[in-house]
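# A look at the structure
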Amino acid sequence: AAMRDLTPLHVRPTLLTAARAAKAQARASRFRPLVRAHGLLFAIMGYTLANTGASSEFGVLLFVDGVLELLEFSPVRFLSVAVRFALSPSLRQPYTVTLADSQLLLSRAGTPTIVQWRNVRTAVETDHLFVLVVPRALPIAIPKDQLENPQASDTLRSFLSALVPVVDARTPPSPLFGA
């Protein structure tokens, strides 16, 4: 049974939300395995250079960069998002996302943008937000803490799953400490 429309979701963007959305978008990228391999290569090369003594400072930097890539923490990506967020007032303005079976409507600063579901490559769910990934566009973030209630996450997940592939990027429960 298809759902008709979900209640419009009102989003107040923050730098943290934008950074989390960019990270989620990177996790859904088809280039993710290549980036991880790149991180591993940099870590190995950096370790080797640091231990040969020939270029130990550069080796340490290369090693740290590789490890950060493997951990999916990119200072460069965060800096890029922070600069874009600071320089573009429109990115800091609240927006509304209205989801329907046929399309989604993004309204920012009074300007509506209609996105057909066939143009949404994937949705990514993290511990903190849902991110709709549209090629050649900024990711559309829907923070979970701005949803009406905890059950709204389940409703949104079900709705999105019926329309686009959903990547589950939530942190799994710890076997040692439970949920």
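Calculation notes
- Residues numbered from 1 in each chain as written.
- Predicted model: local features only at pLDDT ≥ 70, side-chain atom pairs only at ≥ 80, totals over all residues.
- Heavy atoms only, no water.
- Patch = residues over 30% accessible without salt bridge, like charges linked within 9 Å, V, L, I, M, F, W, Y side chains within 5 Å.
- Areas by Shrake-Rupley, 256 points an atom, 1.4 Å probe, with all protein chains shown as cover.
- Salt bridge = Lys/Arg side-chain N within 4 Å of Asp/Glu carboxyl O.
- Helix = DSSP H or I, 4+ residues; strand = E, 2+ residues; numbered from the N terminus.
- Pairing = 2+ DSSP bridges.

### Here's the deal with a nonpolar patch on the surface
A cluster of nonpolar residues, Tyr47, Val60, Phe63 and Val64, forms a patch on the protein surface that exposes about 370 Å² of accessible area. Per-element accounting of the nonpolar patch gives the leading share, 3 residues, to helix H3 (residues 56–70). Following the sequence through the fold, Val60 ends up in helix H3.

### Examining the pairing of strand S3 (residues 103–108)
Bridge count between strand S2 (residues 95–99) and S3: 5 bridges; the pairing is antiparallel. The partner of Tyr95 across the bridge, within S3, is Arg108. By the bridge criterion, 6 bridges tie S3 to strand S4 (residues 111–116) in an arrangement that is antiparallel. Residue pairing for S4: Leu105 is matched across the bridge by Ile114. What sits between the antiparallel neighbours S3 and S4 is a turn of 2 residues, in which Ala109 has the positive phi angle 55°.

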